[in-house]
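A closer look at the structure
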Amino acid sequence: GENVEQHPSTLSVQEGDSAVIKCTYSDSASNYFPWYKQELGKRPQLIIDIRSNVGEKKDQRIAVTLNKTAKHFSLHITETQPEDSAVYFCAAFNSGGSNYKLTFGKGTLLTVNP
Amino acid sequence: EPEVTQTPSHQVTQMGQEVILRCVPISNHLYFYWYRQILGQKVEFLVSFYNNEISEKSEIFDDQFSVERPDGSNFTLKIRSTKLEDSAMYFCASSVGSSTLEQYFGPGTRLTVT
């Protein structure tokens, strides 16, 4: 089955700096890669996603890049703000299979220091 | 904006008791999921449900677990005889369909087994 590795497990940055979180996946059939932000005690919130026919996607301060050959994808947050502090999870998904499960990475605790 | 809702927000039960966790997916969504998250760990897939049957289940989803869509709006997860290790946050999620992949999560039910 799919296995998703996520690094780093914790990341601390100064406000205004950029943050990068990286994930690798094992199943070459995976073709959809969402990122979720989870604040303490809250639900995972979908913040951005990318499909395998695209190499990069950007939404304001957030961008995601995908390298299908290397089977890795990354989340980039620019001009970080204290409210970006949360746990971020990457996930992988194969829409061509008969199942529709997301396989999550272990999460990255991002702390943005004012 | 429509959201997935879950009840109760917190359930405390004694080991061996049955619990039913309830979810109301977004109304036009056709695919439903249960995930769980043990405190401080990643989100883990339990089961996916489409067209009134289970699409896939993980190894966690053993005979003690069952899901049901008893009417047109509710989606339930039943644990027949709870164990201490079932203590976790249980998230329901839903998605529109196979071509629209985004999964939206409910706020979760915190299950505490004593």
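The preceding data block contains the structure.
Numbering of residues starts from 1 in every chain and runs along the sequence as written. Just so you know, chain letters begin at A and ligand numbers begin at 1, following the order they were written in. Local features in this predicted model are restricted to residues whose pLDDT is 70 or higher, and side-chain atom pairs enter the listing and the counts only when it is 80 or higher, whereas totals over whole chains, interfaces and linings include all residues. To get the side-chain values, take all heavy atoms of the structure and skip hydrogens and water.

Section: the overall build of chain A
For chain A, the count of helices and strands is 0 helices and 11 strands. Along its sequence from the N terminus, chain A presents helices and strands in the succession β-β-β-β-β-β-β-β-β-β-β. With the radius of gyration taken over C-alpha atoms, the globule rule is written as 2.2 Å times the number of residues to the power 0.38. Taken over the C-alpha trace, chain A has a radius of gyration of 14 Å; the compact-globule value for 114 residues is 13 Å, and the two agree within 12%. For chain A, the C-alpha atoms occupy an extent of roughly 45 × 30 × 20 Å along the three principal directions. A total of 114 residues make up chain A; the buried ones form 46% of that total. Contacts are residue-level and defined by heavy atoms, with any inter-residue pair within 4.5 Å sufficient. Relative to all contacts within chain A whose residues are 6 or more apart in sequence, the contacts with residues 24 or more apart total 54%. Only the protein chains shown count as covering a residue, and every accessible area follows the Shrake-Rupley method with a 1.4 Å probe. When the accessible surface of chain A is summed, it comes to about 5500 Å², and 46% of that surface belongs to carbon and sulfur atoms. Charged side chains of chain A number 12 positive and 12 negative; the gap between the two group centres comes to 7 Å. Helix and strand definitions here come from DSSP, where helices need a minimum of 4 consecutive H or I residues and strands a minimum of 2 consecutive E residues; each element is numbered from the N-terminal end. Accessible area is worked out with a 1.4 Å probe on protein chains only. A residue is then buried under 20% of its type maximum, exposed over 50%, and partly exposed in between. Counting rule applied: Lys, Arg positive; Asp, Glu negative; His and chain ends not counted. Taken as the charge location is NZ of Lys, CZ of Arg, CG of Asp or CD of Glu.

Some remarks on the sheet that holds strand S7 (residues 65-68) of chain B
All names here are of chain B. Spatially, S1-S3-S8-S7 is the arrangement adopted by the 4 strands of the open sheet, whose pairing is antiparallel. Either end of the sheet is taken by a strand with one partner, and the two such strands are strand S1 (5-7) and S7. Here the average twist between neighbouring strands, direction ignored, is 20°. We treat two strands as partners when DSSP finds at least two bridges between them. Across 5 bridges, the pairing between strand S3 (residues 19-24) and strand S8 (residues 75-79) is antiparallel. Within the sheet, the bridge partner assigned to Val19 lies in S8 and is Ile79. Convention adopted: a line fitted to C-alpha atoms gives each axis, helices being fitted over their contacting stretch, and angles between N-to-C directions are expressed from 0 to 180 degrees.

A few points about the interface of chain B and chain A
Listed by partner, the interface residues are 24 residues for chain B and 20 residues for chain A. Here the quantity called buried area is the accessible surface, traced with a 1.4 Å probe, that two parts lose on coming together, added over both. With both chains or domains summed, chain B and chain A bury close to 2000 Å², and 57% of this area falls on carbon and sulfur atoms. In terms of surface lost to chain A, no three residues of chain B exceed B:Lys42, B:Leu101 and B:Phe105, which account for 31% of the buried area on that side. Here, a salt bridge means any side-chain nitrogen of Lys or Arg that lies within 4 Å of a carboxyl oxygen of Asp or Glu. Along the contact surface separating chain B from chain A lie 3 salt bridges. Measuring nitrogen to oxygen at the nearest pair gives 3.6 Å for the salt bridge that ties B:Glu3 to A:Arg43. Between N or O atoms, a polar contact is any pair within 3.5 Å; within protein, one atom must be a potential hydrogen donor and the other a potential acceptor, and residues adjacent in sequence are included only when both atoms are from side chains. Where chain B touches chain A, the interface holds 6 residue pairs in polar contact (both at pLDDT 80 or more). Under the scheme applied here, ten amino acids are nonpolar (Ala, Val, Leu, Ile, Met, Phe, Trp, Tyr, Cys and Pro), four are charged (Asp, Glu, Lys and Arg), and all others, including Gly, are polar. Of the residues contributing to the side of chain B that touches chain A, the split by class is 11 nonpolar, 9 polar and 4 charged.

Considering the packing of aromatic side chains
The relative placement of two aromatic rings is captured by the distance of their centres and the angle of their planes. By convention, a stacked pair of Phe, Tyr or Trp rings (six-membered ring in the case of Trp) has centres within 6.5 Å and planes under 30 degrees apart, an edge-to-face pair has planes over 60 apart, and any other such pair is tilted. Scanning the entire structure with this criterion turns up 19 aromatic pairs over all chains. Their ring planes at 75° and their centres at 5.2 Å tell us that A:Tyr36 and B:Phe105 sit as a pair that is edge-to-face. Remark: B:Phe105 occurs in strand S10 (residues 104-105) and A:Tyr36 occurs in strand S4 (residues 32-38); the pair is interchain, linking two chains. A relative accessible area of 3% means that B:Phe105 is categorised as buried.

Considering the sheet that holds strand S7 (residues 62-67) of chain A
Residue and element names in this part refer to chain A. The strand order across the open sheet formed by 5 strands is S1-S3-S8-S7-S6, and the pairing between neighbours is antiparallel. Whereas interior strands pair on both sides, the edge strands pair on one side only; in this sheet they are strand S1 (4-7) and strand S6 (56-59). Adjacent strand axes in the sheet meet at a mean angle of 15° when their direction is disregarded. With 4 bridges joining them, S1 and strand S3 (residues 19-25) adopt antiparallel strand pairing.

Overview of the pairing of S3(B)
Residue and element names in this part refer to chain B. Here S3 shows one buried face, formed by Val19, Leu21 and Cys23, and one open face, formed by Ile20, Arg22 and Val24. Note: S1 against S3, 3 bridges, orientation antiparallel. By the bridge assignment for S3, Thr7 is matched with Arg22.

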